[in-house]
Amino acid sequence: MGDFERTLAVIKPDAMKHKDTIIRHIKDAGFVIVQSRIVRLSAEQASEFYRSKQTHPNYHGMIVALSDGPILAMCISKERAIADLLWLIGPERYQDAVKSAPRSLRAMFADSHDELRNAIHGSEGSTSARFEIHFFFPNILLEPVFNEEKLNNYLRAMVNPVLMQGLHAMAKERPKNPVISLSNWLLLNNPYKPQITSVLSDALYGINTKPELISEDRKPATMFDHMGAQSQCDCCEYKDNGICACSSLSIIAEEN
């Protein structure tokens, strides 16, 4: 199973009267709607959106059809989202959709008399999906969304075994600062740390093969998070310029 993809679906003006039914079909196909908005594009905006189709023989007609009324733009997600949405939408022309994909959205909702009013648009590839999603949702994050099973398998194989050993060690020792003690334990017992094979490495090259441990007596610094509330940082050493290495938040003051 692969990672989740995100793609863009646009219900065009001619199919907005069917939007609730189309949304139900999209959800029934396993898509999750990440974000949506109803907008009306100007001809200039529609031209920018369709900029990759300037060589299309019906380019100007496509602009008119897209800017003819309100549209519903949706960023949607699932595995193989781009390919699966194109399959769900069906062929571009209504006649082809009815003939080869009678259960597709275009076969059901496109205008049978005007091939440019074909109900719905879907991104044709990963590059166009990125551009088109940002066109309507400029602040949305497009980092890969990991498949839950894949993520759980990774944690089960690579993280949980050593983490559970560390937690058992903390339960036995009961240190006064268990978070820092666990951090130090993980540094010392990290099974993935690079191995220095030469016993002369320290003397010849000045390489310190011992991990730098965090003092349990160090007092955490007080910071203000992005919501304006004070928070504490126990998980890293602070840089000289007053920036927390783990969260990039500016330190306001050190507690005495």
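Attention in this report is confined to the structure presented alongside it. (Residues numbered from 1 in each chain as written. Predicted model: local features only at pLDDT ≥ 70, side-chain atom pairs only at ≥ 80, totals over all residues. Heavy atoms only, no water.)

Broken down by element type, the protein carries ten helices and seven strands. Pairs at least 24 apart in sequence give 65% of the contacts found in the protein among residues at least 6 apart. Accessible area of the protein: about 16,100 Å², with a carbon and sulfur share of 54%. (Helix = DSSP H or I, 4+ residues; strand = E, 2+ residues; numbered from the N terminus. Contact = heavy atoms within 4.5 Å. Areas by Shrake-Rupley, 256 points an atom, 1.4 Å probe, with all protein chains shown as cover.)

This part is about the sheet that holds strand S3 (residues 71–79). With respect to topology, four strands assemble into an open sheet ordered S2-S3-S1-S4, the strand pairing being antiparallel. The open sheet has two free edges, formed respectively by strand S2 (32–39) and strand S4 (120–122), since each of these has just one partner strand. Between one strand axis and the next, the sheet turns by 20 degrees as a mean value, whatever way the strands run. Of the pairings in the sheet, the one linking S2 to S3 comprises seven bridges and is antiparallel in character. (Pairing = 2+ DSSP bridges. Axes fitted to C-alpha atoms, helices over the stretch in contact; angles between N-to-C directions.)

So, on to the side chain of Lys 78. Residue placement: Lys 78 occurs in strand S3. Discounting residues that sit within four places of it in the chain, Lys 78 has contacts with Phe 4, Glu 5, Ala 29, Gly 30, Phe 31 and Asp 84.

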